[in-house]
Amino acid sequence: MHCTIEDLVALRDGEGSVWARRHVGECADCQAERERLYQRVAQLKALPTLRPPRDRWHAIRDTVVAERSRKRRRWMRSGLAVAAALGGLMIVIPMVQSPTHAQELAIVKDSSAQLETVLRDYDSDSRVMSGREADLTAQLEDQIAVLDGQLSQLGESARADAQLVDLWRQRVDLMQQLMQVHVTRAKYVGL
Amino acid sequence: MTLSLSVPDILVARAKTGDLEALEALYRAFETPVYNLARRICRTPEDAEDVLQETFLEVVKSIGQYRGEGHLWGWVRQIASSKALMRLRAEKLRMTDELVDEAAGAPPPSVAAGIDLERALEQLSTMSRAVVWLHDVEGFTHEEIAEQMGRTVSFSKSQLARAHARLRRLLSPAAAGS
């Protein structure tokens, strides 16, 4: 009984059975068959390289450019919508007349939450930015993080306190600046 | 294959920013090996050209996800083989293949008279040809092939053995009869 082609392929891949390994060591026919297998694989690797008959880069580039234009138009539309929303917020917030600290706090927190949602939907982490934009974004995010730390320290003890309202206002202001970076970029760069 | 497939890191970095010149340079570096792989797997040159285009559209879209772990060619090759195998699946050739392969117990006389390896490769079923090329030439493991094909490791191994058995018959009919 000789090795099957499965046995020889498995042996070549270091997975053969003990019996197959021992048999090949003793059988001239199977050794010859194994040699033919090696030669066949070597010939496969030596087959001439097939080259593309036509240049497909132009078709690829055209598709990429068209896709980028489509995205640019989409982001311009959404960027303008975000700008309009920001404008609305900036008008509405000052119109609130002499609210108590608690009311004022509720308003700025709501504004902050809305901006968080817009920024999250924008998914800035997956977008390409210039170095300057990335630096500006990082600075604003760092400042927001510092404010969050201060807000966390004040905690419940300072509920409705003027200092708390002021910190939340600063946070909204920073987030508006952050949003402005993205909106400007979406409008002019289209990425 | 003796093509140089090394790509400067700076070129990859530029491609990640969406630079079209850098992306074209990547295309020029890999178009031939990608087409060669696709052509060995697909039935027609037109299919292989489509795989070439689909592969590079995917490269453009996903280059940002390439983390520089391993050779870039390995990453591109993975995409190319995946696209080529997807095309095979889409064409629903598997069932036909199996029937053809089952019926191919002995080569026809004109084939038995002796053909070269290139033609013998074309005589294989698409699945067997894809597996023998991906495993023995491109260096994919059975696990990788099975994952890309959506089949088992045993399937990949059996297709490889069938491919070699058939190639042996086609290339040396006299020896095959012994």
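Along every chain, residues carry numbers that run from 1 in the direction the sequence is written. Each chain takes a letter, starting from A, and each ligand takes a number, starting from 1, following the order in which they are written. At least 70 in pLDDT is required for a residue's local features to be given in this predicted model, at least 80 for side-chain atom pairs to be given and counted, and no such filter applies to totals for whole chains, interfaces and linings, which use all residues.

Visitor: Help me understand the overall build of chain B, please; the structure alone is not making it clear to me.
Guide: Counting its secondary structure elements, chain B contains eleven helices and zero strands. Runs of E in the DSSP output that reach at least two residues are strands. Runs of H or I that reach at least four are helices, and both are numbered from the N terminus. Along its sequence from the N terminus, chain B presents helices and strands in the succession α-α-α-α-α-α-α-α-α-α-α. Here chain B holds 178 residues, and 40% of them are scored as buried. What counts as a contact is two residues whose backbone-derived C-beta atoms lie within 7 Å of each other. Considering only intrachain contacts with a sequence separation of at least 6, the fraction spanning at least 24 residues in chain B is 68%. With C-beta atoms placed from the backbone, the exposure class of a residue follows from how many other C-beta atoms lie within 10 Å of its own: 20 or more, buried; 12 or fewer, exposed; in between, partly exposed.

Visitor: Please clarify how the interface of chain A and chain B should be interpreted in this entry.
Guide: In many analyses, interface size is given as the accessible surface area lost on bringing the parts together. Counting residues at the interface gives 25 residues for chain A and 29 residues for chain B. Mapped by element, the contributors of at least two residues to the side of chain A that touches chain B are α1 (5-12), α3 (28-45) and α4 (57-95) of chain A. Sort the elements by how many residues they give to the side of chain A that touches chain B and α3 of chain A lands first, with seven residues.

Visitor: Can you help me understand the nonpolar core in this one?
Guide: Nonpolar side chains tend to gather and get buried jointly when the protein is soluble and globular. By our criterion, buried Ala, Val, Leu, Ile, Met, Phe, Trp, Tyr and Cys residues that link up through C-beta atoms within 7 Å make up a nonpolar core. A38 and A84 of chain B are the most contacted members of the largest nonpolar core, which totals 51 residues. Residue contributions to this core peak at eleven residues, all from helix α2 (residues 20-41) of chain B. What A84 of chain B contacts, discounting residues up to four positions off in sequence, is L37, A38, I41, C42 and V51 of chain B. Counting twelve residues, the second largest nonpolar core, distinct from the first, contains L105, W168, V172 and M175 of chain A.

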